[in-house]
Amino acid sequence: MPQTAAEKLLSRKAGHEVEAGDIAVVPVDGAMATDATAPFAIKAFEALGGARVWDASRMALVLDHAVPPPNERVSNLHVLMRRFAAEHGLKLYEVGEGICHQLMVENGHVAPGELFVGADSHTPTLGAVGAFAVGVGSTDLAAVMHTGRIWLKVPRTLRVELTGRLRPGTYAKDVILHLVGRLGIAGATYEAVEFAGDTVEGMTLASRMVLANMVAEMGAKTALVDTAGLERQELPEALRERLHAGGPPEELRADPGASYRAVHRLDVSDLGAQVAVPHQPDEVRDVREVAGVKVDMAFIGSCTNARLEDLHVAARVLRGRKVAPGVRLIIAASSKRVFAEALRDGTVETLTEAGATFITSGCGPCVGTHQGVPGDGETVISSTNRNFRGRMGNPNANVYLGSPAVVAAAAAAGHIVDPAEVLGEGVAA
């Protein structure tokens, strides 16, 4: 029987053929938790009588949600994680090393064909490399830490076929914002979203990660991005070494004739820059519909858009320009390695000269813990993934979502503007 990519991967893990709706108990290839979830998982693991983590080499802990710690309570949670990691021989990523999903890909913790579990809702980001990656709660992770296994209901699959070439000023973030707006925040609940098409084949790893990241805003269980063309892209050395760990890429693709809950097709060449307006990520408009909205704060960061290509886009927009008076531009690179690369190639200098402020690599402003909480009545344009009321730490602020190009252009203009007008029609996207 023809299978979707999700059914095929889970069948391989289960050791027998499964289809949508089946319950599968499968071994886990990797697991991860952050300072927002690991302390609860550790306490649950110990309450369950856990003596040793099932496989220390397959699990990592990441300090990224509140770094450096803003108070003694959070600092003590970090201490707990350091102690547990040392006792069990786990890899611990310290303050400032980066955002969990970036680090998992950057350092080769995940590879095509693997099943990865993370105690964070945006774990599907790892589907960019052809892995079945799911977010779970802390107690579920504690059980994985004990057994190295997890039960899953095999999800139905929604297929998204992307064709065409992106216009100048339009990026993967605009594609996924458009899809979230089209499908809604419950449009793919507990489903696998399968991305394919010639547009995907030409995408960088960073752009694939953007697509996979925001399936969470559709309610999806996971994302599986076709690995076609991935080898031709610039990849972290650790990932390149593991690229075929899950088997030949063609084995991870859906079979012809596979059954889908729905198939959505989009010619991206018709798409302009998109913006999600307050207070839901599926309230999406063409940027021209909200042009002129004044902004007080602009933020480039998060597990969605803070990679080197994102910083390059922002620098291209801001080169020779200044952040508008009354606007603050805050940037958090996705990892220390990304920041170092941006420092070496002059990107940090360009952005800093324009008026940007760089903060510790981490999730702070996105989740509203610290380092960028807006004031009452302020308007934020952000490259993050969620704009629910209070998401960035203040329920009395208004948060718009856009690509790094949209954010940078708004920071320079002082209001939301189409980045294509700034980049010019002759600039390649």
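Computed from a prediction, not measured in an experiment: that's the story for all the values here. (Residues numbered from 1 in each chain as written. Predicted model: local features only at pLDDT ≥ 70, side-chain atom pairs only at ≥ 80, totals over all residues. Heavy atoms only, no water.)

(A) Representation of the overall build of the chain. Summing up its helical and strand segments, the chain has 15 helices and 18 strands in all. Taken along its principal axes, the extent of the C-alpha atoms in the chain is 60 × 55 × 40 Å. Contacts spanning at least 24 positions in sequence make up 77% of the contacts within the chain whose residues lie at least 6 apart. A total accessible area of about 15500 Å² is found for the chain, and carbon and sulfur atoms account for 49% of it. The positive charge centre, built from 41 side chains, and the negative charge centre, built from 50, are 2 Å apart in the chain. (Helix = DSSP H or I, 4+ residues; strand = E, 2+ residues; numbered from the N terminus. Contact = heavy atoms within 4.5 Å. Areas by Shrake-Rupley, 256 points an atom, 1.4 Å probe, with all protein chains shown as cover. Lys, Arg positive; Asp, Glu negative; His and termini not counted. Charge placed at Lys NZ, Arg CZ, Asp CG, Glu CD.)

(B) Representation of the sheet that holds strand E3 (residues 59-62) within the structure. Pairing is parallel in the open sheet, where 5 strands are placed in the order E4-E3-E2-E5-E6. The open sheet has two free edges, formed respectively by strand E4 (91-93) and strand E6 (132-135), since each of these has just one partner strand. Mean inter-strand twist for the sheet, computed between neighbouring axes without regard to direction, equals 20°. Across 3 bridges, the pairing between E3 and E4 is parallel. Bridged to Val62 within E4 is Tyr93. In the packing of helix H3 (residues 72-88) onto the sheet, the strands contacted are strand E2 (30-34), E3 and E4, and the crossing angle to E3 comes to about 160°. The sheet strands contacting helix H5 (residues 138-147) are E2, E3 and strand E5 (115-119), and the helix crosses E2 at an angle near 140°. (Pairing = 2+ DSSP bridges. Axes fitted to C-alpha atoms, helices over the stretch in contact; angles between N-to-C directions.)

(C) Here's a closer look at the packing of aromatic side chains. Using the criterion set out here, one finds 2 aromatic pairs in the structure. Taken together, a centroid distance of 5.5 Å and an interplanar angle of 65° make the contact between Phe339 and Phe358 edge-to-face. Of this pair, Phe339 sits in helix H11 (residues 336-344) while Phe358 sits in strand E16 (residues 356-358), and the two are 19 residues apart along the sequence. On the basis of relative accessibility, which here comes to 29%, the residue Phe339 falls in the partly exposed class. (Phe/Tyr/Trp six-rings, centres within 6.5 Å; stacked < 30°, edge-to-face > 60°. Buried < 20%, exposed > 50% of the residue type's maximum accessible area, 1.4 Å probe, protein only.)

(D) Molecular detail of unusual backbone geometry. Residue Pro68 follows Val67 across a cis peptide bond; omega there is -20°. Cis geometry marks the peptide bond from Pro278 to His279, where omega comes out at 5°. Inspection of the secondary structure assignment puts His279 in the loop between strand E12 (274-276) and strand E13 (284-286). Unusually for a residue other than glycine, Tyr190 sits at a positive phi of about 50°.

(E) Highlighting helix H10 (residues 308-318). All of the buried residues along H10 are Asp310, Leu311, Val313, Ala314, Ala315, Val317 and Leu318. Against strand E14 (297-300), strand E15 (328-331), H11, helix H12 (347-354), helix H14 (404-413) and helix H15 (419-423) lie the buried residues of H10. Looking one or two places after H10, you find Gly320, whose phi comes out positive at around 80°.

(F) Here's a closer look at the pattern of salt bridges. Here the structure, examined in full by the defined rule, presents 19 salt bridges. The salt bridge involving Arg159 is made with Glu194; its shortest N-O contact spans 2.7 Å. Of the two residues, Arg159 is situated in strand E8 (residues 156-163) and Glu194 in strand E9 (residues 191-196); the sequence distance between them amounts to 35 residues. One salt bridge connects Asp286 with Arg288, and the closest N-O pair in it is separated by 2.9 Å. Residue Asp286 is classed as buried on the basis of its relative accessible area of 15%. Classification of Arg288 by relative accessible area gives exposed; the value is 55%. Here the salt bridges do not stand alone but share partners, grouping Lys13, Asp29, Asp55 and Arg58 into one network. (Salt bridge = Lys/Arg side-chain N within 4 Å of Asp/Glu carboxyl O.)

(G) Representation of the sheet that holds strand E10 (residues 222-225) within the structure. The strand order across the open sheet built from 4 strands is E10-E9-E8-E11, with neighbouring strands paired in parallel fashion. For this open sheet the edge positions go to E10 and strand E11 (262-267), each flanked by a neighbour on one side alone. In this sheet, neighbouring strand axes are inclined to one another by 20° on average, regardless of whether the strands run parallel or antiparallel. Where E9 and E10 come together, 4 bridges link them in parallel fashion. Bridge pairing in E10 links Val193 to Ala223. Against the sheet, helix H1 (residues 5-14) makes contact with E8, E9 and E10, and its axis sits at roughly 100° relative to E10, the strand it touches most. Most of the contacts of helix H6 (residues 172-183) go to E11, to which it runs at about 135°, and overall it touches E8, E9 and E11.

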